[in-house]
Amino acid sequence: MTNTNSNINTHSVDVKLTNLLKVFPSHNGGDNFYAVDDIELDIKAGELVTLLGPSGCGKTTTLRMLAGFELPTSGSIHIGDENVTNVPPNKRNVAMVFQSYALFPHLSVFENIAYGLRINKVPKGDVIDRTYKVISLMHLEEFKDRLPSQLSGGQQQRVALARAIVTEPKVLLFDEPLSNLDAKLREYMRDELRKIQQRLGITSLYVTHDQTEAMAISDKVVIMNHGKIQQADSPINIYTKPNNHFVAGFMGKANFLHGVVKELKNNMAMINIFGKSVLIRINDKVKLTENGPVECVTRPEFWEFSDTGKFIGQVTRTIYLGNHVEYEIAIGDDTISMMDFEHFKHGIKQEGDQVTLHLKEECVSLLPTRKEYIKEGLA
Ligand SMILES: Nc1ncnc2c1ncn2[C@@H]1O[C@H](COP(=O)(O)OP(=O)(O)O)[C@@H](O)[C@H]1O
Ligand SMILES: [Mg+2]
């Protein structure tokens, strides 16, 4: 597919990682280290896919293998129809944007952006033409003659992105590009970056450890832990239908409640939580047996104050956050966290208050037991 939006030509291609493995040899005679442990990933043409996971889980290593800076121990990488596993980085037509911007300090904004075209021996006239197009796309006109040191962090990151897209790469890679920016600017840049990526339709792999960022910009989020993919899915499926305990806890806040299965009927399970019966939809990730244990994920917003609710609790902590109030509430021997977005209606509860709570049972998801996902090699 060829996109000619904004007069910048890009060719959207699929990317495919197959059985990708990266093992770093031990330096002290200990075990080798599996930084990326047999991952499979498809990125469709024009999609933005995000790798999300804790520090050290293998995100950057995966990105560096796709860029060609790191050779896989085994497995293959395809960009479009081409197997690029052993192709050097400068022949892959991939561009990368880093957290540190990596701009040339002695070159102007214009020359920083033009650099990639000049070293590729693009004819002079075309260099000027293409550089101006990207400068205009990124709204950098007024800064074009400045040095990087004369720009704010956000402006430098726009130059870094401009420099990446000017070469019309087949794939754009981002390694925590917004981590150096303050919260407000990070949000703004995140939305800008997504708009430009969508407008140009460049297939992109984005790395972050920030779950909100991942949710906001991605077509697909890939949750990684210890070098393994835990779940690759749309943001909504990751949040509402997590594969396992790790995913549920990493994406958003979760109260993990231990229930006992009382009855299984069709696609529903009657489950006992805190001595009350709740009716929860079964998913195919979990094998349930009557009278067996099950782990239930309830998010803070699945709970609400309601006089007709089944659960009685006591407020142990109140945190007022303006648009909502967060509470910790003791129920039985457990403590759940809940969010109330309707505090104008309910008032603000105080520590020690007794409250009646309704659980939105239709939202609750069930998880496989720890044993089951150890068996699948995900722990
Ligand atoms: N060149 C290397 N030699 C040995 N270990 C490495 C090397 N590069 C990365 N690692 C290890 O691989 C793991 C994954 O690293 P990385 O991909 O950078 O994680 P992330 O980007 O998710 O924080 C880390 O434990 C890191 O220490
Ligand atoms: Mg990293």
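Residues numbered from 1 in each chain as written. Chains lettered and ligands numbered in written order. Predicted model: local features only at pLDDT ≥ 70, side-chain atom pairs only at ≥ 80, totals over all residues. Heavy atoms only, no water.

What exactly am I supposed to notice about the domain arrangement of the chain here?
Accessible area lost upon the coming together of the parts serves often as the stated size of an interface. Taken domain by domain, the chain consists of domain 1 (2–93 + 169–245) and domain 2 (253–375). Using C-alpha coordinates to define each centre, domain 1 is positioned 34 Å away from domain 2. At the interface, nine residues of domain 1 touch ten residues of domain 2. Buried surface at the junction of domain 1 and domain 2, summed over both partners, amounts to about 900 Å²; 49% is from carbon and sulfur atoms. The largest share of the area that domain 1 buries against domain 2 comes from Y239, P242 and H245, three residues that together contribute 63% of it. (Domains from an automatic or database assignment. Contact = heavy atoms within 4.5 Å. Buried area = accessible area lost by both parts, 1.4 Å probe.)

What should I look at first to understand the sheet that holds strand β22 (residues 365–367) in this one?
The strands making up a sheet associate through backbone hydrogen bonding, with each pair oriented either parallel or antiparallel. Pairing within the open sheet is antiparallel, and its five strands lie in the order β15-β14-β13-β16-β22. Whereas interior strands pair on both sides, the edge strands pair on one side only; in this sheet they are β15 (276–281) and β22. Across the sheet, the axes of successive neighbouring strands diverge by a mean angle of 45°, strand direction being ignored. Two elements, strand β13 (residues 255–265) and strand β16 (residues 293–298), share six bridges in a ladder whose sense is antiparallel. Bridging from a neighbouring strand, N255 pairs with T298 of β16. (Pairing = 2+ DSSP bridges. Helix = DSSP H or I, 4+ residues; strand = E, 2+ residues; numbered from the N terminus. Axes fitted to C-alpha atoms, helices over the stretch in contact; angles between N-to-C directions.)

What should I look at first to understand the pattern of salt bridges in this one?
Side-chain pairing between opposite charges can occur once the charged atoms of the two side chains come close. By the definition in use, this model includes 16 salt bridges. R64 is paired through a salt bridge with E70; the nearest N and O atoms lie 3.3 Å apart. The class for R64 is partly exposed, based on a relative accessible area of 30%. Taken together, the salt bridges that share partners define one network made up of K22, R64 and E70. (Salt bridge = Lys/Arg side-chain N within 4 Å of Asp/Glu carboxyl O. Buried < 20%, exposed > 50% of the residue type's maximum accessible area, 1.4 Å probe, protein only.)

Honestly, the UniProt feature "domain: ABC transporter" (unreviewed entry) in the chain in this entry has me stumped. Any pointers?
Here the UniProt-annotated "domain: ABC transporter" (unreviewed entry) positions come out as residues 15–251. In residues 15–251, helix accounts for 35% and strand for 26%; the two terminal C-alpha atoms are 25 Å from one another. (UniProt positions renumbered as here; feature names shortened; annotations may be inferred.)

Would you explain the site of ligand 1 in this entry?
Around ligand 1, the structure places F24, F33, A35, P54, S55, G56, C57, G58, K59, T60 and T61. In the environment of ligand 1, an oxygen atom lies 2.7 Å from a nitrogen or oxygen atom belonging to the backbone of G56. Within the side chain of T61, a nitrogen or oxygen atom sits 2.5 Å from an oxygen atom of ligand 1. In the complex, 61% of the free accessible area of ligand 1, which totals 560 Å², lies under the protein chains. Residue assignment for the shell around ligand 1 shows that the elements contributing at least two residues are β4 (33–43) and α1 (59–67). The leading source of residues in the shell around ligand 1 is α1, at three residues. Tallied by class, residues from the shell around ligand 1 come to five nonpolar, five polar and one charged. (Near = heavy atom within 4 Å. Polar contact = N/O pair within 3.5 Å; in protein donor to acceptor, adjacent residues only side chain to side chain. Areas by Shrake-Rupley, 256 points an atom, 1.4 Å probe, with all protein chains shown as cover. Nonpolar A, V, L, I, M, F, W, Y, C, P; charged D, E, K, R; others polar.)

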